[in-house]
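# Coordinate inspection notes
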Amino acid sequence: MLESGKKYIDEIMRLAKKAYKEGEVPIGAIIVKDDKIIARAYNKKEKKKVATYHAEILAIEKASKKIKDWRLNGSIMYVTLKPCDMCMNAIKEARISEVRYLADEKGEIKEKSVIKITKFKDEKMSLVSENLIKNFFRKKRK
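Residues numbered from 1 in each chain as written. Predicted model: local features only at pLDDT ≥ 70, side-chain atom pairs only at ≥ 80, totals over all residues. Heavy atoms only, no water.

The next point concerns the sheet that holds strand S3 (residues 75-81). The five strands are arranged S2-S1-S3-S4-S5 in an open sheet whose pairing can be described as mixed. Whereas interior strands pair on both sides, the edge strands pair on one side only; in this sheet they are strand S2 (36-42) and strand S5 (116-119). Averaged over neighbouring strand pairs, the angle between their axes works out to 20 degrees when direction is ignored. By the bridge criterion, six bridges tie strand S1 (residues 28-33) to S2 in an arrangement that is antiparallel. Opposite Ala29, over in S2, you have Ala41 as the bridge partner. (Pairing = 2+ DSSP bridges. Helix = DSSP H or I, 4+ residues; strand = E, 2+ residues; numbered from the N terminus. Axes fitted to C-alpha atoms, helices over the stretch in contact; angles between N-to-C directions.)

Dropping the structure here:
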């Protein structure tokens, strides 16, 4: 794995842990363009009481604001969990070129995607991400 990939994994995990501490589903996302992070976000659905406040959506909004364009061509999103259908559609609309994620979700995205989407080959960090999410929901169900 490239050194920058490790740096990005560390950052999305930091964001996911921040979400976890705030009682949110622990998902962190960043958007990288030209090897620079242009947006960082984590879930804020519970805090803001807005159904669409997923990490991916918030990162897209921040990146668009930063570059002053809704088109995020040539950018890569790094996220701790494979994006849901809503987020994948937003990613497509934003013209993000690639998504790299750590953990799989139970349900697979049914449609074929024109966006390259790959799972990191970092099994240790994938397991850490999956366990963080599992622990979050275990605590919620007690």
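It is a probe the size of a water molecule, rolled over the atoms, that shows where empty space is left. Taken as a whole, the largest pocket encloses approximately 530 Å³ of empty space. Among the secondary structure elements, those contributing two or more residues to the lining of the largest pocket are helix H2 (45-48) and helix H5 (123-141). At seven residues, the largest contribution of residues to the lining of the largest pocket is made by H5. Broken down by class, the residue content of the lining of the largest pocket amounts to nine nonpolar, three polar and twelve charged. (1 Å grid on protein atoms, 1.4 Å probe; cavity = no way out; pocket = protein on both sides within 12 Å on 5 of 7 lines; lining within 4 Å. Points joined across faces, edges and corners; volume = space filled by probe spheres on them. Nonpolar A, V, L, I, M, F, W, Y, C, P; charged D, E, K, R; others polar.)

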